[in-house]
Amino acid sequence: MSLWIEKIIPVNKYSRPGLKLYSVKKIVMHYTANPGASAYNHYLYFKNLKDRYASAHIFVDKTEAYQIIPLNEVAYHANDGSYRGVEELKPNANFRSIGVELCIEKDGTFHPETIKRAAQIVAYLCEKYQLDPINDVVRHYDVTHKNCPAPWVKDEGAFTAFKNSVKLLLNGGKTTNVKTSTPSYKQQTQTKNKTNLTIDGKWGSETTKALQIALGTPVDGVISSQPKNDITKAIYSGITFGNKGSMVIRALQKKIGAKVDGKLGPETVRKLQRYLGTPVDGKISRPTSLVVKELQRRLNEGTF
């Protein structure tokens with residue numbers, strides 16, 4: 001699943017200064033305030049901007065999303081005005097946050113598909129930067145008191161529902177705190193795409209990518225924020241360590257009936273071994289593993 005199209009604009013004075021972020025402490029949500037204009041329209045606009053300082057990292061509409069600023073660079077999206085309401089982003093929010101802009105329909109509302117796509121993108125960003133979707137996803141309004149995104153300033157409950165839908169994604173569909181009156185994320189149907197993995201019993205980035213495709217999670221080949229144990233040490237490539245867990249592992253655990261915590265350990269491996277019909281010992285062996293070989297075979301056949 002490709003979350004966005006990468007169309008990076010050239011470094012320039014007005015919309016891409018080329019400065020590096022100090023860190024990523026928050027995701028700041030915006031709206032385009034441009035009824036009917038698409039994400040691609042905004043890519044073109046900011047690529048050619050000449051009369052003011054403005055931009056954001058990602059623009060989302062009901063059919064696609066565009067990333068126009070590298071995620072490790074500053075975008076000019078949340079440093080207007082004098083009010084500073086988010087302590088972690090002081091004194092300049094642009095150096096410590098990623099800006100996500102939602103396109104609006106001709107009537108000024110967010111299309112449900114725009115909200116769904118934005119939730120997927122923000123969930124990925126929260127996982128990548130180890131952020132809490134409830135506390136670390138904020139509105140432009142929360143930072144500077146600008147009326148942005150206007151639909152979520154007017155209806156704070158809708159913004160809370162959006163954050164809960166992001167949490168739903170990160171928790172593998174286990175949370176029940178999404179308001180039914182607002183659009184929420186619906187778990188995608190498992191894909192049946194065949195892959196072309198080398199069946200070598202070694203779990204690395206390519207195996208993770210294939211698993212992410214099969215489970216319908218963002219595809220980057222990385223199992224993020226994992227505990228250091230014998231299982232995770234057996235992964236050959238594409239793993240980062242921490243304690244918050246990974247979206248793809250949550251999706252895997254949900255599928256195989258394991259405890260959903262996003263962390264790859266012996267109990268998850270035992271469930272996977274039972275699911276795949278291989279010997280059950282709760283281990284991933286090196287240099288090759290039977291359970292990984294079977295996983296690779298199933299992914300190749302599109303039968304996982």
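The coordinates are above.
Residues numbered from 1 in each chain as written. Predicted model: local features only at pLDDT ≥ 70, side-chain atom pairs only at ≥ 80, totals over all residues. Heavy atoms only, no water.

Visitor: Please give an account of the layout of surface pockets that cites residues and values.
Guide: If you roll a probe as big as a water molecule over the atoms, it shows you where there is empty space left. Roughly 400 Å³ of volume is contained in the largest pocket. Lining the largest pocket are 23 residues, and of these R52, A54, Y76, E101 and K146 sit closest to its centre. Elements that contribute at least two residues to the lining of the largest pocket include exactly β2 (26-31) and α1 (39-47). Considering only residue class, the lining of the largest pocket consists of 10 nonpolar, nine polar and four charged. (1 Å grid on protein atoms, 1.4 Å probe; cavity = no way out; pocket = protein on both sides within 12 Å on 5 of 7 lines; lining within 4 Å. Points joined across faces, edges and corners; volume = space filled by probe spheres on them. Helix = DSSP H or I, 4+ residues; strand = E, 2+ residues; numbered from the N terminus. Nonpolar A, V, L, I, M, F, W, Y, C, P; charged D, E, K, R; others polar.)

Visitor: Give me the lowdown on the pairing of strand β5 (residues 97-102), citing residues and values where you can.
Guide: The element β5 is largely enclosed, with a buried count of six among its six residues. Side chains of β5 alternate between two faces, with S97, G99 and E101 and I98, V100 and L102 buried alike. For β2 and β5, the ladder comprises six bridges, and the chain directions are parallel. Looking across to β5, one finds that M29 is bridged to V100. Of the strand pairs in this sheet, strand β3 (residues 58-60) and β5 are connected by three bridges, and their pairing is parallel. Each residue of the ladder has a partner; that of V60, found in β5, is L102. (Buried < 20%, exposed > 50% of the residue type's maximum accessible area, 1.4 Å probe, protein only. Pairing = 2+ DSSP bridges.)

Visitor: Describe the packing of helix α9 (residues 266-276) against helix α10 (residues 290-301), naming the residues involved and giving the relevant values.
Guide: It is at 10 Å that the axes of α9 and α10 come closest, and there the two elements cross at 55°. One element, α9, and the other, α10, form an angle in the oblique class. Here α9 runs over α10; the crossing is left-handed. Residues L272, Q273, Y275 and L276 of α9 touch α10, and the partners they reach there are V291, E294, L295 and R298. A breakdown of the residues in the contact of α9 with α10 according to their chemical character gives five nonpolar, one polar and two charged. (Axes fitted to C-alpha atoms, helices over the stretch in contact; angles between N-to-C directions. Parallel < 35°, antiparallel > 145°, perpendicular 65-115°, else oblique. Left-handed = near helix turned anticlockwise from the far one by under 90°. Contact = heavy atoms within 4.5 Å.)

Visitor: Any details on the sheet that holds strand β1 (residues 5-6)? Residues and values, ideally.
Guide: Ordered in space as β1-β4-β3-β5-β2-β6, the six strands form an open sheet in which the pairing is mixed. Of all strands in the sheet, those with a lone pairing partner are β1 and β6 (137-139), marking the two edges. Set on the sheet, α1 makes contact with β3 and β4 (65-67); between it and β3 the angle comes to about 145°. Of the strands in this sheet, β2, β3, β4, β5 and β6 touch helix α2 (residues 112-129), which is tilted by about 150° from β3.

Visitor: Give a detailed account of the packing of aromatic side chains, specifying residues and quantitative values.
Guide: On inspection of all chains with the given rule, the structure shows 13 aromatic pairs. Judged by centre distance (6.2 Å) and plane angle (15°), the rings of Y43 and Y66 are stacked. Of the two residues, Y43 is situated in helix α1 and Y66 in strand β4; the sequence distance between them amounts to 23 residues. The exposure class assigned to Y66 is buried, which follows from its relative accessible area of 8%. (Phe/Tyr/Trp six-rings, centres within 6.5 Å; stacked < 30°, edge-to-face > 60°.)

Visitor: Explain the nonpolar core residue by residue, including any values.
Guide: Most often, soluble globular proteins keep nonpolar side chains buried together rather than apart. Within the largest apolar cluster, 39 residues are counted, with the highest numbers of intra-cluster contacts made by W4, I27, M29, L125, W152 and F162. Put simply, the parts of the chain that give this core at least two residues each are β2, β3, β5, α2, α4 (150-154) and α5 (156-170). For this core, the leading source of residues is α2, giving nine residues. Leaving out residues up to four positions away in the same chain, W4 has contacts with I58, A65, Y66, Q67, L71, I121, Y124 and L125. One finds I223, I249, V269 and L276 within the second-largest nonpolar core, a separate group that totals 27 residues. (Core = buried A, V, L, I, M, F, W, Y, C linked by side-chain atoms within 4.5 Å.)

Visitor: Can you break down unusual backbone geometry residue by residue, with the values?
Guide: Look at the link from C148 to P149: it is a cis peptide, with omega at -10°. Assignment of secondary structure puts P149 in the loop between α3 (140-144) and α4. The backbone phi angle of A33 is positive, close to 55°, even though this residue is not glycine. Along the chain, A33 falls in the loop between β2 and α1. We classify A33 as partly exposed; its relative accessible area is 47%.

From the geometry alone we can't say anything about function, so treat these as descriptive.
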